[in-house]
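Observations on the three-dimensional arrangement
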Amino acid sequence: MSDKISYSCHGDIAILTVQNPPVNALSQPVRQGLWDGMDRAEAEQGIRAIMIVGEGRAFFAGADITEFGKPPLKPHLPDLINRIESSPLLIVASMHGVSLGGGLEVALGCHYRIAVPTACVGLPEVHLGLLPGAGGTQRLPRLAGVIAALELMTTGRHVDAEEGHKLGIIDKIQDGDPNLNGIAYTQKLLDQNTPRRPVSDMPAPEKINWDEAFEKALKSGRGQISPAWCVRAVQASVEKPFEEGLEAERQIFYDLMQTEQRQGMIHAFFSQRAVSNLPELKGITPRPLKNIALIGGGTMGAGIATSALLSGLNVTVLEMNKHATQAAFDRIENNLSGAKKRGKIDSQQYEKIVNHSLKLVTDYGKLSDMDLVIEAVFEEMAVKKRVFEELDRICKPGTILASNTSYLDINEIAASTSRPADVLGLHFFSPAHVMKLLEVVVADATAPDVAATGFALGKTLGKISVRAGVCDGFIGNRILSTYRAAADHMILDGASPFEIDKALEEFGFAMGPFAVADLAGLDISWAVRKRKEAEGLDPRTRDACYADKLCEDGHFGQKTGKGYYDYTAGAKSRLPNPDVMPLIEAERQEKAIKPRKFGDTEIVRRYLAAMVNEAAKVVGEGIARRPLDVDMTLLFGYGFPRHWGGPLKWADIVGLEGLLRDIECYAQEDPYFWQTAPLLKRLVAEGRVFDDLNKAN
Ligand code: 3HC
Ligand code: NAI
């Protein structure tokens, strides 16, 4: 028998214990071991029941995702589960930790299920571009009903033991050791002569309006198709005999396994875990982090402070004067009240944070003993330098000094202190207590343990931390500037902001770039444009000025009620602002541009080509260490659709050669903007893809 399963007996109960760290994924040796264990128990004299239990952190985290995309290995999971369910013995699952995907499907193939109170269950396959493919779509609706089963499958959410019990997934909840609990429960079932109870024998669940449910899931999937296909598989559980339902599920599972979305989502799953795992930081101990300070309690300072407070850190916010400290307190308090309302903290925690963990000051002297100070003042180099000079004077040796600047040069900021090794960029995204991304910007002199502390902070705050090098805008904002410019060029040439937003939202972005700009505030990009103009634009730059005119008239987007869109009827009612097209048309006339029509396909292609080309430059220059660092930045900070895995995974999937050809073709119109990234050319010449560079690192 495989060494992943240990076989033991307790009276007339055989116990199959799974040992496949870290999370008991159902890889081939585990499936084989369970199969052999079933054979052995059934052949053994006197054995009347089998109890399956996991060792370590989980019952089972599901199928082994590393096996996907490779030829399937026997025994297949659905066959194993059918074999478990049809055993003449009584089969019990004793669950703890997570039972996810194929892991829950194994439990559903057992005749009874007991769990500890901290256990949780779920069918998260949609997050991998798949659906439950080992009977989950057929068995769960029979236990929990069609509506609840569909909700679980299409959201992929984890359900705690109590809810699992209410839904009929878990028969009994009991605190204690899962092994001992499982044995006692199985013994009791045997003592009471409880019959086997295969879920497949249960009656088919209720009908719903399948087409309506399919369309609804398709719409909420924003381009992702697997949630909608869960509906069709569950429909089969109602309309077909069990065996045929299983076959229908299997067919859809195999079809989804062949999709680009499955490739993209599995890339996202592994990249999300690899992104903060930097070889250069292995074995480096981060500095302690308990007391942190924010300089500036505006939009970002207040958001970062909230995130830190919710993660248990002590936070001091320094503002310019009493009035500004009160405004900062109000922002933080408002964020914390929201967290309380959503059940993230209770009243006691709220009181403790507000009264003990948070301090607001105006005096730098109060910051002498901080472990980390994050500057979040206005985006002006002179102001930032003055802050860093003051911090350098006041803070104890070893305090880490960080800037949340969006674009400015961290090397220059570091040089304004006597301790550049202690300086780095910590670039959060707005709203900072909600957005998952953190760019850890490592400057030329940043010490390795300072970079490691940036990542440790990200982990404490529950962020996805990406290492970035210094350049204008680091990874994310630099790439954003380029694809936004590509969108503006399309506008000059004939597209409208509304057509562009629509095409990109259909592609899967949560919001198009113009709706995002309205949300972030048009004044921010206006300030960047003014700074770049002051620095001197290359005469070959194709500049679009129509948005400046909106700003000059005081229209900064959602916060002023008007931007590209009109929000006067509420933030959700997004109507095109009628003033925008005349401004664009005037600029076209002034520049003697004859507008032409852009279709959705061309809009998406040009926008993503600009994104990929700049991303390839960012990787080629070492600003991002690996393509996956860019992918995770765009996914967690810029709303790139997860089912494509990130822009460079998208590029790999659609083909680098065609993309290069398109960029060269666009370059004939505007050779300055469309300068091909050397890395893209090299990969095409060598017949390689971006993902090869992830594997090499
Ligand atoms: N297969 C292979 N490896 C897995 C895995 C799986 N199902 N689940 C987790 N791992 C790996 C991770 O990649 C990571 O590896 P690393 O240490 O080399 O980076 C390691 O296990 C630990 O994982 P996490 O860092 O994510 O640990 P956490 O404690 O934060 O989370 C978890 C644990 C909740 C189990 C989380 O890993 C998770 O959500 N896993 C995926 C669960 C899932 O999607 N299951 C369904 C699989 S598809 C399926 O079952 C198809 C079936 O219907 C036929
Ligand atoms: P903001 O204008 O909302 O807040 C700035 C705050 O800093 C104000 O409360 C101001 O009173 C305070 N301040 C200014 N000078 C100060 C000084 N010398 N000492 C103490 N406090 C001072 O600005 P926001 O949006 O919070 O931006 C702050 C920084 O974060 C900027 O560098 C910006 O580029 C960056 N950033 C902004 C993002 C955004 O979406 N708003 C996203 C990521 C980074």
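Residues numbered from 1 in each chain as written. Chains lettered and ligands numbered in written order. Predicted model: local features only at pLDDT ≥ 70, side-chain atom pairs only at ≥ 80, totals over all residues. Heavy atoms only, no water.

As for empty space enclosed by the protein
- Tallying each qualifying case throughout the model produces 1 cavity of 30 Å³ or more.
- Its boundaries defined by the atoms lining it, the largest cavity holds a volume of some 80 Å³.
- In this structure, the largest cavity is lined by Ala486, His489, Met490, Asp493, Arg542, Phe598, Arg606, Glu669, Asp670, Phe673 and Trp674.
- It is helix H18 (residues 476–493) that contributes the most residues to the lining of the largest cavity, 4 residues altogether.
- Residues belonging to the lining of the largest cavity are distributed by class as follows: 5 nonpolar, 1 polar and 5 charged. (1 Å grid on protein atoms, 1.4 Å probe; cavity = no way out; pocket = protein on both sides within 12 Å on 5 of 7 lines; lining within 4 Å. Points joined across faces, edges and corners; volume = space filled by probe spheres on them. Helix = DSSP H or I, 4+ residues; strand = E, 2+ residues; numbered from the N terminus. Nonpolar A, V, L, I, M, F, W, Y, C, P; charged D, E, K, R; others polar.)

Observations regarding the site of ligand 2
- The environment of ligand 2 is made up of 21 residues, and the closest members are Met300, Glu319, Glu379, Lys384 and Ser406.
- Residue Thr299 places a main-chain N or O atom 3.0 Å away from an oxygen atom belonging to ligand 2.
- Here Asn404 contributes a side-chain N or O atom positioned 3.0 Å from an oxygen atom of ligand 2.
- Contact with the protein chains removes 80% of the 830 Å² of surface that ligand 2 exposes when unbound.
- Looking at the shell around ligand 2, the elements with two or more residues in it are helix H12 (299–310), helix H15 (381–394) and strand E17 (423–428).
- A per-class count over the shell around ligand 2 returns 10 nonpolar, 8 polar and 3 charged. (Near = heavy atom within 4 Å. Polar contact = N/O pair within 3.5 Å; in protein donor to acceptor, adjacent residues only side chain to side chain. Areas by Shrake-Rupley, 256 points an atom, 1.4 Å probe, with all protein chains shown as cover.)

Some details on the pattern of salt bridges
- All chains considered together, the criterion is met by 46 salt bridges.
- Residue Asp449 pairs with Arg287 through a salt bridge whose shortest N-O separation is 3.0 Å. Taken as a pair, Asp449 in helix H17 (residues 448–460) and Arg287 in the loop between helix H11 (260–274) and strand E12 (291–295) lie far apart in primary sequence, 162 residues in all.
- According to the relative accessible area criterion, Asp449 is partly exposed, its value standing at 22%. (Salt bridge = Lys/Arg side-chain N within 4 Å of Asp/Glu carboxyl O. Buried < 20%, exposed > 50% of the residue type's maximum accessible area, 1.4 Å probe, protein only.)

What to know about the site of ligand 1
- Near ligand 1 you find 24 residues, and of these Arg57, Gly102, Glu105, Glu125 and Arg273 are the closest.
- Within the side chain of Arg57, one N or O atom sits 2.3 Å away from an oxygen atom of ligand 1.
- Between ligand 1 and Gly102, the relevant distance is 2.7 Å, taken from an oxygen atom to a main-chain nitrogen or oxygen of the residue.
- With the chains in place, 71% of the 990 Å² that ligand 1 exposes on its own is no longer accessible.
- Listing elements by their share of the shell around ligand 1, those giving two or more residues are strand E5 (62–63), strand E7 (98–100), helix H3 (102–109) and H11.
- Here the element with the most residues in the shell around ligand 1 is H11; it accounts for 3 residues.

What to know about the nonpolar core
- If you look at the biggest cluster of nonpolar residues, it comprises 104 residues, and the most contacted ones within it are Tyr564, Val630, Phe640 and Phe690.
- Considering every element that reaches this core, the biggest residue donor is helix H24 (residues 600–620), with 12 residues.
- Shared between two domains, this core holds at least three residues of each, these being domain 2 (289–468) and domain 3 (476–696).
- Excluding residues that lie within four positions of it along the chain, Phe690 makes contacts with Val612, Ala616, Pro627, Leu648, Ala651, Asp652, Leu656, Leu679, Leu680 and Leu683.
- Among the nonpolar cores identified, the runner-up in size contains 70 residues, and Ile91, Val126, Phe253 and Met257 belong to it. (Core = buried A, V, L, I, M, F, W, Y, C linked by side-chain atoms within 4.5 Å. Domains from an automatic or database assignment. Contact = heavy atoms within 4.5 Å.)

Some remarks on the side chain of Asn24
- Tracing the chain through its elements places Asn24 in the loop between strand E2 (13–18) and strand E3 (25–26).
- At 2.9 Å, the side chain of Asn24 forms a polar contact with the backbone oxygen of Glu55.
- A polar contact of 3.3 Å, which involves the side chain of Asn24, links it to the backbone oxygen of Phe59.
- Apart from residues no more than four positions distant in its own chain, Asn24 is found in contact with Val18, Gln19, Gly54, Glu55, Ala58, Phe59, Phe60, Ala61 and Gly62.

Comments concerning the domain arrangement of the protein
- Taken domain by domain, the protein comprises domain 1 (5–258), domain 2 (289–468) and domain 3 (476–696).
- Relative placement of domain 2 and domain 3: their C-alpha centres are 30 Å apart.
- Taken together, the contacts link 13 residues of domain 2 with 16 residues of domain 3.
- Summed over both sides, the interface of domain 2 with domain 3 buries roughly 1200 Å², with 61% coming from carbon and sulfur.
- The three residues of domain 2 that bury the most area against domain 3 are Tyr407, Leu437 and Arg467, which together make up 48% of that side's buried surface.
- At the boundary of domain 2 with domain 3, the tally comes to 0 salt bridges.
- For the interface between domain 2 and domain 3, the tally reads 2 residue pairs in polar contact (both at pLDDT 80 or more). (Buried area = accessible area lost by both parts, 1.4 Å probe.)

Focus on the pairing of strand E13 (residues 314–318)
- Here E13 lies mainly inside the structure; 4 of its 5 residues are buried.
- When E12 meets E13, the two strands line up parallel, connected through 5 bridges. Considered in E13, the bridge of Ile295 is made with Leu318.
- Assessed by its sense of winding, the connection that carries the chain from E12 through H12 to E13 is right-handed.
- Pairing of E13 with strand E14 (residues 358–361), which is carried by 4 bridges, proceeds in the parallel orientation. Considered in E14, the bridge of Val315 is made with Leu358. (Pairing = 2+ DSSP bridges. Right-handed = clockwise from strand over helix to strand, strands pointing away.)

A look at the sheet that holds E7
- A sheet is described by the order of its strands in space; here 3 strands give the open sequence E7-E9-E10, paired in mixed fashion. The open sheet has two edge strands with one neighbour each: E7 and strand E10 (159–160).
- Relative to strand E9 (residues 120–122), E7 runs parallel, the two being bridged by 3 bridges. Looking at the pairing, Ser99 lines up with Val121 of E9.
- H3 rests against E7 and E9 of the sheet, and its axis sits at about 90° to E7. (Axes fitted to C-alpha atoms, helices over the stretch in contact; angles between N-to-C directions.)

Brief notes about the pairing of strand E6 (residues 90–95)
- With respect to burial, E6 is a largely interior element, 6 of its 6 residues being buried.
- Burial along E6 is two-sided: the residues Leu90, Val92 and Ser94 and Ile91, Ala93 and Met95 are all buried.
- Looking at chain direction, strand E4 (residues 49–54) and E6 are connected through 5 bridges and run parallel. Bridged to Ile52 within E6 is Ala93.
- Judged from the 4 bridges that link them, E6 and strand E8 (residues 112–115) form a sheet pairing that is parallel. If you follow Ala93 over to E8, its bridge partner there is Arg113.

Thoughts on the packing of aromatic side chains
- Going through the model one piece at a time under the given rule, you end up with 19 aromatic pairs.
- Plain terms: the ring middles of Tyr666 and Trp674 are 4.8 Å apart, the flat faces sit at 55° to each other, and that makes the pair tilted.
- Judged by its relative accessible area of 5%, Trp674 is buried.
- By way of ring pairs, the aromatic residues Tyr483, Phe507, Phe509, Tyr607, Phe640 and Trp644 are connected into one cluster.
- Across the ring face of Trp35, the terminal group of Arg83 is positioned such that the distance to the ring centre comes to 5.6 Å.
- The ring of Tyr350 has Lys340 lying over it, and the distance from NZ or CZ to the ring centre is 4.3 Å. (Phe/Tyr/Trp six-rings, centres within 6.5 Å; stacked < 30°, edge-to-face > 60°. Lys NZ or Arg CZ within 6 Å of the ring centre and 35° of its normal.)

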